[in-house]
Structure formats: C-alpha cells, structure tokens
Amino acid sequence: MPLVNMQDMLTHAYDNAYAVGSFNILSLDFLEGVLRAAERVRAPVILGLSEPHFDHYDIAALLPAVESAAKRAEVPVAIHFDHGSSIEPVQRAIALGCNGVMIDASHAPLEENLKTTRQVVEMAHACGVPVEAELGYVPEADEGGADLLSFTTVDQARGFIKHTGADFLAVSIGTVHGHLKGKPRLDYQRLRHINDALGIPLVIHGGSGLSDDQYHRLITGGVAKINYHTALSERAAKTIRSHGKSVQDYAGLMEGVREAIATEAEQCMRNWGSAGRAAEVISRCRGWSTAVQLTQFNVEMAAVDDMQMVLARGRRLLGAIPGVREVSTGHTTADGARHRFFWQVTLNHVDAAEAYLRHPNYRDFSHRLLAGISSDKQALLYQSLGSLPSEGATSAEAANWG
Ligand code: 13P
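Here is a short report on the structure shown in this document. (Residues numbered from 1 in each chain as written. Predicted model: local features only at pLDDT ≥ 70, side-chain atom pairs only at ≥ 80, totals over all residues. Heavy atoms only, no water.)

### With respect to the overall build of the chain
A count of helices and strands for the chain gives 17 helices and twelve strands. In terms of overall dimensions, the chain is globule-like: its C-alpha atoms have a radius of gyration of 23 Å, near the 21 Å expected for 402 residues. When the backbone C-alpha atoms are referred to their principal axes, the chain occupies close to 75 × 55 × 40 Å. Scored against the burial criterion, the 402 residues of the chain give a buried share of 52%. A separation threshold of at least 6 residues defines the contact pool for the chain, and within that pool the share at least 24 residues apart is 74%. Only carbon and sulfur atoms are counted for the fraction: they give 50% of the accessible area of the chain, which is about 18,500 Å². (Helix = DSSP H or I, 4+ residues; strand = E, 2+ residues; numbered from the N terminus. Rg over C-alpha atoms; globule rule 2.2 N^0.38 Å. Buried < 20%, exposed > 50% of the residue type's maximum accessible area, 1.4 Å probe, protein only. Contact = heavy atoms within 4.5 Å. Areas by Shrake-Rupley, 256 points an atom, 1.4 Å probe, with all protein chains shown as cover.)

So this is what it looks like as structure tokens:
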C-alpha cells in the first residue's frame, strides 16, 4: 500500500496547504536517506528519477530498487519521472514502474510544448498515470540563470491546461535549477493569479536555496510539490569531502552520506508541512498496484514448431503497448492440466487495461497470431492486491547474503 496514486497525494497536499518534497534519487544512498527522513517524520514523499541524470545511472537498473523500497516504506510514496524529454522516455519510465511523470517541453515554442504535452497526457492517462507539465522556462543557474527565465503567464497557463489536460503545472515565477547568485526574487502575485485561474496543484522546480518564508509563501500560493536536488547533492558531497584524504576506500568515503541526506530532506519535510501527514494520506489515497492479464491455452501438435516464433513476435508487439511492464510465457509440468501453456502480461495499473485491449498490437497478436496456433484459450485480467518481498527476502540474514 505505501506506493500510492500521485494524483491523490498531491490533491491532498493542495487541499490542505502543504507541499510534498520530490527528491531526485541518484543512488541507493539517496534512496535510503530520503526514505529514512520520510519515515522519521511520517511524511508522504516523492522519489524522482530525472532524465537529465541518466549519465549517472541506468534507470532500468535503479528503478526496481526504488520500487521495492517504496513498497516496503511505512509512509506513502510516489515514483515520479522528472524532466521527460519526449513521449518515448516517458512511456519507458511508466513501463519501468513510475506512477507519475513529467513531460518538459518548456524550452520549445509554445505550439510544440502544447502538442508534445497533449500527446504525453493522452498516453499516460490511458495508463492511469498523472502528468506534470511545464510552461514558461525554469533555467539552470549555470546556463545563464535569471537572465534566461521566461515567466509563466496566467492566460497561457489557462489555455495550456485546458488544451493538454495536464494534472499538475510546473510554473516559472523566479526560481532556477541550482544556485542563483543572490537571493531569488519570486513573483507571488503571478503565482496567486495562476492558482486562481487553474485550481490544480502547482509545482516548483529549483527548490534549493530558498528561505523558510519563501517556501511558506509558495505553498500558500498553491504549490503542492517542491523539487529539491542541488542542496541534497551538495550536502552528500560535503560529507564525502569531510572524510579527508586519510580515508581511501569507497565504503569509508560514503560513511554518513545517507544520514546527511536524511537530515537535509527531513528539514524540508518539516518546513513544507508534509511532516506528520503520512497516516492521513494513506487513508485518503488510492494505493497503486499492477494488473495482470493471464491467458491460458493449448497448442495443436501441428503448430508446436511455430509457437516460439509466435511468442517472440508477441513479446515485441505487446511490449510496445503503453503500460505493458512485462511479458512472460511458460508451460505447466502437471499431467492432465486443462491448459498446458500460459501467456502473462503485466500492466502498470488496472486502468491501462482498456487501452491495452483496444490497441492494434494486442488485436494483431491475440486475435490473429495466437488464435492461429492455439485452442481452448482463456484470458482473464487480474488486479494485483499488492506484492511484497517475502519475510525471508527482507530479513537481516537474507540481506547479508550478497
Ligand atoms: P534544485 O536542484 O535547484 O533543487 O532543483 C531541482 C529540480 O527542480 C529538479 O527537477
């Protein structure tokens, strides 16, 4: 259950005037540090996987760890894909387990931003996944900082949300990613007007380096999600440097990094009002779990040789449908079973089923290819009631195996 619907999570924050922290996860130290903080102060939290950080890790390798930790967390967690550049990486992030996504076409001309965002919203909503989009431009401090800021305008924001159907809007009102020289000047009036016009959770990028008063004014202006990375990363780096040259090994250098990250994240959660909200959020938010379509079938003796080819083709066709996380197949060893073979497709969420069953790739595979070799086929959709690693797999003894 601790993996929850991000739309519900942010709606709760928005309605109750606090903000959930979205912290980018660069490694297991970040993952454990951020979750340690959230559990310590009983806060809902968002774990961010950011496309611009892909030089530092392989998302396909890191996400299973993030998902496993989120499922075991004692607080509500959402897994968010940050700064997706186009529909393909966003679709891939959903297939890997993200249950919230951002499409960031804010650097492109407005028409292109509208088109790309709308395309992503259609695809992600068909998978049950809420979408954050950005309008106006929040630049990098080291790319030119405040000089490159392009503020979000109220009229454009109104039209943008109406046209795209995005669920959350990242606004540009004076923050930049990274460290700005001098104190950021934020346009609270603009924020208030955008909030009055849209009435949806707003998002701040470039959350590092603001004062407590600035955070407070952002939250009262409708901000329900704050992205925070630079300060967390610097805190981790400072801890590593504090060990000095005498420490030579990796484990020694990383000593204390998780706790430094936890301390920094905990401070944010207290400042932004998410601390102490976990139980309320768990009770109000829908949980998030996968769904499975299980097809059982038999194959005529004459078609057994064609089966491998059909199944390989099926994996390709179905794997390309938005929301499909895994395609697997197998056979029973039991004598006398009614069905000898199964075909199993894991969907990111039960809401993805409708579009999946209507998708031309599904029809092509199921009604033509599989139907051509199988008989006595039975297909059923199951919604998962949640999955957790077994007690054995999470015990200290088992954890030490590696
Ligand atoms: P900072 O690095 O300035 O905290 O911003 C983080 C961010 O906006 C990630 O999307």
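### Describing the sheet that holds strand β4 (residues 100-103)
The strands that make up a sheet are held in pairs by hydrogen bonds between backbone atoms, and each pair lies either parallel or antiparallel. What the eight strands build is a closed barrel, ordered β1-β2-β3-β4-β5-β6-β7-β8; its pairing is parallel. Across the sheet, the mean angle from the axis of one strand to that of its neighbour is 25°, orientation sign disregarded. In this structure, strand β1 (residues 20-24) lies alongside strand β8 (residues 223-228), joined through four bridges in parallel fashion. Across the sheet, Val20 pairs through a bridge with Lys225, a residue of β8. Against the sheet, helix α2 (residues 28-41) touches β1, β2 (45-50) and β3 (77-84), its axis set at about 165° to β2. Contacts from helix α11 (residues 257-271) reach β1, β2 and β8 within the one sheet, and its direction differs from that of β1 by about 155°. (Pairing = 2+ DSSP bridges. Axes fitted to C-alpha atoms, helices over the stretch in contact; angles between N-to-C directions.)

### A closer look at unusual backbone geometry
With phi around 55°, Arg42 is a residue other than glycine that occupies positive phi space. Positionally, Arg42 belongs in the loop between α2 and β2. At Asp376, a position not held by glycine, the phi torsion is positive, near 55°.

### Some words on the site of the ligand
Among the 14 residues in the neighbourhood of the ligand, the closest are listed as Asp82, Gly206, Ser208, His229 and Thr230. Note that an oxygen atom of the ligand is positioned 3.0 Å from one of the side-chain N or O atoms of His205. The backbone of Gly206 places a nitrogen or oxygen atom 2.8 Å from an oxygen atom of the ligand. The fraction of the free accessible surface of the ligand (300 Å²) that becomes covered by protein chains is 96%. Of all elements in the fold, only β3 and β8 reach the threshold of two or more residues within the shell around the ligand. (Near = heavy atom within 4 Å. Polar contact = N/O pair within 3.5 Å; in protein donor to acceptor, adjacent residues only side chain to side chain.)

### Considerations on the packing of aromatic side chains
For the coordinates displayed, the defined rule picks out nine aromatic pairs. What links up through ring pairs into an aromatic cluster is the set Phe23, Tyr215, Tyr228 and Trp272. (Phe/Tyr/Trp six-rings, centres within 6.5 Å; stacked < 30°, edge-to-face > 60°.)

### Section: the sheet that holds strand β11 (residues 341-347)
Taking strand neighbours across the sheet as the criterion, the four strands line up as β10-β11-β9-β12 in an open arrangement whose pairing is antiparallel. Each edge of the open sheet carries a strand with a single partner, namely β10 (324-331) and β12 (374-383). This sheet shows a mean twist of 15° between the axes of neighbouring strands, independent of strand direction. Relative to β12, helix α15 (residues 360-373) is tilted by about 145°, and along the sheet it contacts β9 (291-299), β11 and β12.

### Thoughts on helix α13 (residues 304-319)
In this model, α13 (16 residues) spans 23 Å end to end at C-alpha, consistent with the 22 Å of a helix rising 1.5 Å per residue. Turning to α13, its buried residues are Met307, Val310, Leu311, Gly314, Leu317 and Leu318. In a view along the axis of α13, the buried residues occupy a sector of 130°, so they form one face of it. The exposed set on the far side of α13, more than 90 degrees from its buried face, consists of Asp305, Gln308, Met309 and Arg316. Each element contacted by the buried residues of α13 is listed here: β9, β10, β11, α14 (353-358) and α15. (Expected span 1.5 Å × (residues − 1). Arc of directions from axis to C-beta.)

### Observations regarding the nonpolar core
With 104 residues, the main nonpolar core has Phe23 and Leu169 as its most contacted residues. It is α2 that contributes the most residues to this core, seven residues altogether. Leaving out residues up to four positions away in the same chain, Phe23 has contacts with Val34, Val45, Ile46, Leu47, Gly48, Tyr228, Leu232, Ala265, Cys268, Met269 and Trp272. Membership of the second largest hydrophobic core comes to 16 residues, among which are Met6, Ala170, Val203 and Cys285. (Core = buried A, V, L, I, M, F, W, Y, C linked by side-chain atoms within 4.5 Å.)

### What about the pairing of β11?
By the criterion of burial, β11 is predominantly enclosed, with five of the seven residues buried. Two strands pair when backbone bridges link them, and β9 and β11 are joined in this way by seven bridges, in the antiparallel orientation. Paired with Gln293 across the bridge in β11 is Val345. Relative to β11, β10 runs antiparallel, the two being bridged by seven bridges. Its bridge partner being in β11, Thr329 is matched across the sheet by Trp343.

### Describing the environment of Asp213
Within the element layout of this structure, Asp213 appears in helix α8 (residues 212-220). Overall, the relative accessible area of 47% leaves Asp213 in the partly exposed class. On a C-alpha basis, the gap between Asp213 and Asn271 in space is 9.4 Å, while along the polypeptide they are 58 residues apart.

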